[in-house]
2 protein chains.
Amino acid sequence: MAMFPDSHQDLLDAPIASLTTIGGDGFPQSTLIWFLHDGGELRLSLNTSRLKTRNLLRRPQVSLLIVDPADPMRYLEVRGMARAQPDPDRAFAQRVGAKYGADLTAYDAPGDERLVVTIEPVNVYAVDMHH
Amino acid sequence: MAMFPDSHQDLLDAPIASLTTIGGDGFPQSTLIWFLHDGGELRLSLNTSRLKTRNLLRRPQVSLLIVDPADPMRYLEVRGMARAQPDPDRAFAQRVGAKYGADLTAYDAPGDERLVVTIEPVNVYAVDMHH
């Protein structure tokens, strides 16, 4: 497994990342998301009704880009495989929500489910354009 | 052609965007880039030696994500086709550089060429999570 370098460890706790999945039309789809650095892994709580979720269930190759909010010259790109697991009692969604002081499930519609999505790194690029 | 909505016109002049191309291994590749809003189009000056450039010459489906630097809840995602044209005298590279007060070609190696890459929008998503 690719590791996260010491120089960019702080970005694992940044507030926002952009997740790119690949759509059925072959276009990359990029959205901003909340995430959690959890047990050494980068994990997301995703609603099954969303396009990005359906994309990564079919095509698990994803990219997660975490930019230093104070310095856009510094960022971490993680290319990896998205592995999804159920979150039937929404325990993981609550843990991500605790990072943000928010209830992630507040916008879930009846019938929506939540998944725990772990990004298993294949390549990690730590960029600092100042160096 | 998809249009850029009035609500997000200011983001067309933002300093930084993230460009996602698709690699030969099927993984999305995301990097931060400089860009220019030029004649109503979103254009990049890319060095031919870069992986992102080689990716988009082979697979022109790209995504450009422009986040409001003052408010990450507000962003513009442009999915489009990357059309590349030569920039033999680097006139376009100079124009992008003028936006940033920088010389983009300072890091070009001998033999590198520059391309003008225009993102032809297929779908534009203007997101404001406050609304």
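Details of the structure are given in the entry above.
Residues numbered from 1 in each chain as written. Chains lettered and ligands numbered in written order. Predicted model: local features only at pLDDT ≥ 70, side-chain atom pairs only at ≥ 80, totals over all residues. Heavy atoms only, no water.

Asks: I'm lost on the overall build of chain A in this one. Help?
Replies: What chain A contains, in helices and strands, is two helices and seven strands. From first element to last, N terminus to C terminus, chain A shows the α and β order β-β-β-β-α-β-β-α-β. Relative to the 2.2 N^0.38 estimate, which gives 14 Å for 131 residues, the radius of gyration of chain A is 15 Å and therefore close to what a compact globule would have. With the C-alpha coordinates aligned to their principal axes, the bounding extent of chain A is approximately 50 × 35 × 25 Å. By the burial criterion, 52% of the 131 residues in chain A qualify as buried. Nonlocal contacts in chain A, meaning residues at least 24 apart in sequence, comprise 69% of its contacts between residues at least 6 apart. Carbon and sulfur atoms form 54% of the exposed surface of chain A, whose accessible area is close to 6,000 Å². (Helix = DSSP H or I, 4+ residues; strand = E, 2+ residues; numbered from the N terminus. Rg over C-alpha atoms; globule rule 2.2 N^0.38 Å. Buried < 20%, exposed > 50% of the residue type's maximum accessible area, 1.4 Å probe, protein only. Contact = heavy atoms within 4.5 Å. Areas by Shrake-Rupley, 256 points an atom, 1.4 Å probe, with all protein chains shown as cover.)

Asks: Would you explain the interface of chain B and chain A in this entry?
Replies: One frequently used descriptor of interface size is the decrease in accessible area upon assembly of the parts. Taken together, the contact between chain B and chain A spans 24 residues of the former and 24 residues of the latter. At the boundary of chain B with chain A, total buried surface from both sides reaches about 2,200 Å², with 69% on carbon and sulfur atoms. Contact with chain A buries area across many residues of chain B, yet Phe27, Pro28 and Leu32 of chain B alone supply 29% of it, more than any other trio. Run the count over chain B and chain A and you get zero salt bridges. At the junction of chain B and chain A, the tally comes to seven residue pairs in polar contact (both at pLDDT 80 or more). If you list the elements that add at least two residues to the side of chain B that touches chain A, you get β1 (17–22), β2 (28–33), β5 (61–67) and β6 (74–86) of chain B. (Buried area = accessible area lost by both parts, 1.4 Å probe. Salt bridge = Lys/Arg side-chain N within 4 Å of Asp/Glu carboxyl O. Polar contact = N/O pair within 3.5 Å; in protein donor to acceptor, adjacent residues only side chain to side chain.)

Asks: What exactly am I supposed to notice about the side chain of threonine 53 of chain A here?
Replies: Residue and element names in this part refer to chain A. Topologically, threonine 53 is positioned in helix α1 (residues 51–58). Since its relative accessible area comes to 0%, threonine 53 is described here as buried. Within the local environment of threonine 53, its side chain forms a polar contact with the backbone oxygen of asparagine 47, the two atoms lying 2.8 Å apart. Leaving out residues up to four positions away in the same chain, threonine 53 has contacts with Leu46, Asn47, Thr48 and Leu115.

Asks: Can you help me understand unusual backbone geometry in this one?
Replies: All names here are of chain A. Positive phi values are uncommon outside glycine, yet arginine 90 reaches one of about 60 degrees. Mapped onto the fold, arginine 90 is located in the loop between β6 (74–86) and α2 (91–100). Look at arginine 90 and you get partly exposed, because its relative accessible area is 22%.

Asks: What is the right way to read the relation of the copies chain B and chain A from this model?
Replies: Two copies of the chain are present, and they differ by a rotation about an axis and a shift along that axis. When chain B is brought onto chain A, the operation consists of a screw motion whose angular component is 180 degrees and whose axial shift is 0.0 Å, with 0.0 Å RMSD remaining. With respect to symmetry, the two chain copies, as superposed, fit the operation of a two-fold axis. The position closest to the rotation axis in chain B is occupied by the C-alpha of proline 28 of chain B, lying 3.4 Å away. Of the interface residues in chain B, 100% have counterparts in chain A that sit at the interface too, so the contact is made through matching surfaces. (Least-squares fit on C-alpha atoms with pLDDT ≥ 70 in both.)

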